[in-house]
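What follows is the residue order along each chain.
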Amino acid sequence: MFRRKKSILLNELSKNLKKNKDEHLPPFEKREKVHSLLLLVTIVSRNQGAYFTDTFSKHGASLSISMFAHSMPPADIISLLGNESTTKKDLVLTIVRKNEVREYLDIIKKRFSISKASKGIAFTLPVSSVSGIVVYKYLSDYNKEERTMSKEENKEEIIQNKENDFELIMAIVNKGLTDLVMEAARKKGARGGTISVARGTGNSELAKYYGVVIQPEKEIVYIVVRKDIKDDVMKAIYDEAGLDSKGQGIIISLPISDTVGLEKEVENTSVTDNKE
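Residues numbered from 1 in each chain as written. Predicted model: local features only at pLDDT ≥ 70, side-chain atom pairs only at ≥ 80, totals over all residues. Heavy atoms only, no water.

Colleague: Account for the overall build of the protein chain, with residues named and values stated.
Modeller: Counting its regular elements, the protein chain contains 11 helices and nine strands. When burial is assessed residue by residue, the protein chain has 36% of its 276 residues classed as buried. Long-range pairs, those at least 24 residues apart, make up 81% of the contacts in the protein chain between residues at least 6 apart in sequence. (Helix = DSSP H or I, 4+ residues; strand = E, 2+ residues; numbered from the N terminus. Buried < 20%, exposed > 50% of the residue type's maximum accessible area, 1.4 Å probe, protein only. Contact = heavy atoms within 4.5 Å.)

Colleague: A description of the packing of helix α3 (residues 49-59) against helix α5 (residues 101-112) should follow, citing residues and the corresponding values.
Modeller: Two elements in contact, α3 and α5, have axes whose closest approach is 11 Å; the angle formed by their N-to-C orientations is 145 degrees. Both α3 and α5 take part in a crossing whose hand is right-handed. Of the residues in α5, those in contact with Tyr-51, Phe-52, Thr-55, Phe-56 and His-59 of α3 are Glu-103, Tyr-104, Ile-107, Ile-108, Arg-111 and Phe-112. (Axes fitted to C-alpha atoms, helices over the stretch in contact; angles between N-to-C directions. Left-handed = near helix turned anticlockwise from the far one by under 90°.)

Colleague: Give me the side chain of Glu-167: which residues, what numbers.
Modeller: As for its placement among the helices and strands, Glu-167 is situated in strand β5 (residues 166-174). In this view, Glu-167 contacts Ile-223, Val-224, Val-225, Lys-227, Lys-230, Ser-253, Leu-254, Pro-255 and Ile-256; residues no more than four positions away in its chain are not counted.

Colleague: Explain the packing of aromatic side chains to me, and be specific about the residues and the numbers.
Modeller: Counted according to the given criterion, the structure contains four aromatic pairs. Ring geometry for Tyr-51 and Phe-52: centres 5.3 Å apart, planes at 85 degrees, overall edge-to-face. When the centroid spacing of 6.2 Å and the interplanar angle of 75 degrees are considered together, the rings of Phe-52 and Phe-112 count as edge-to-face. Of this pair, Phe-52 sits in helix α3 while Phe-112 sits in helix α5, placing them 60 residues apart in sequence. Taken together, Tyr-51, Phe-52, Phe-56, Tyr-104 and Phe-112 form an aromatic cluster joined through their ring pairs. Between Arg-46 and the ring centre of Phe-68, over which it is positioned, the NZ or CZ distance is 4.2 Å. Looking at Arg-111, its charged tip hangs above the ring of Tyr-51, at a distance of 4.0 Å from the centre. (Phe/Tyr/Trp six-rings, centres within 6.5 Å; stacked < 30°, edge-to-face > 60°. Lys NZ or Arg CZ within 6 Å of the ring centre and 35° of its normal.)

Structure, rendered in structure tokens:
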């Protein structure tokens, strides 16, 4: 009986000591090496997304998902193409380490160069936070170097943040009102957008407080624009489809750190600037 009580007391003491130790540990990012993460967004024609999800996964990406979307080019472009199926898109979202992003961009460039049907656009966005250490370790493949016994496990390429000419505008609006968003955006210089269907929920307590009822059926419009027109485009969208309108739109922008497929946009801008 005495030995059993002693054993129980020792177990409880051990648990308390471990708990106290954990409570006094510094944050994970202060005591461990942290890999910066990027969200790699790839927009391609319908049925092209599977290639990227498969290839990225084989290359080591922990998470790569594809979803159906459709683009909204100007009406005159659609009439010239004569086929609305060309507006159907695959939207591929992939989490990658910042120091490995160039490898993924090279894969994309190689694929885009095969034919017109395989072309698209791609860009990266910085991931500012992740909910939970376990999730972070999974997304970053935290033990990759240890697992592969790389000779350069303590070496990490540092890619400096560089200026980029583009930003991503995301407009989350009620279903069926994306035309309002695109019309407003085009008036301020945006060239086109990509749309995906989503379902959202609102905080009921905040809805009562602010007198806003959030409709669950949503559509998200993704528009890549030049930095110099970003503010004007966002204001135009908000005026037409903002939170206090029938669109109940929530509009945000995110910095883009790398792009593929937008070279012509830059060239066109340069030509326009030179003419002025």
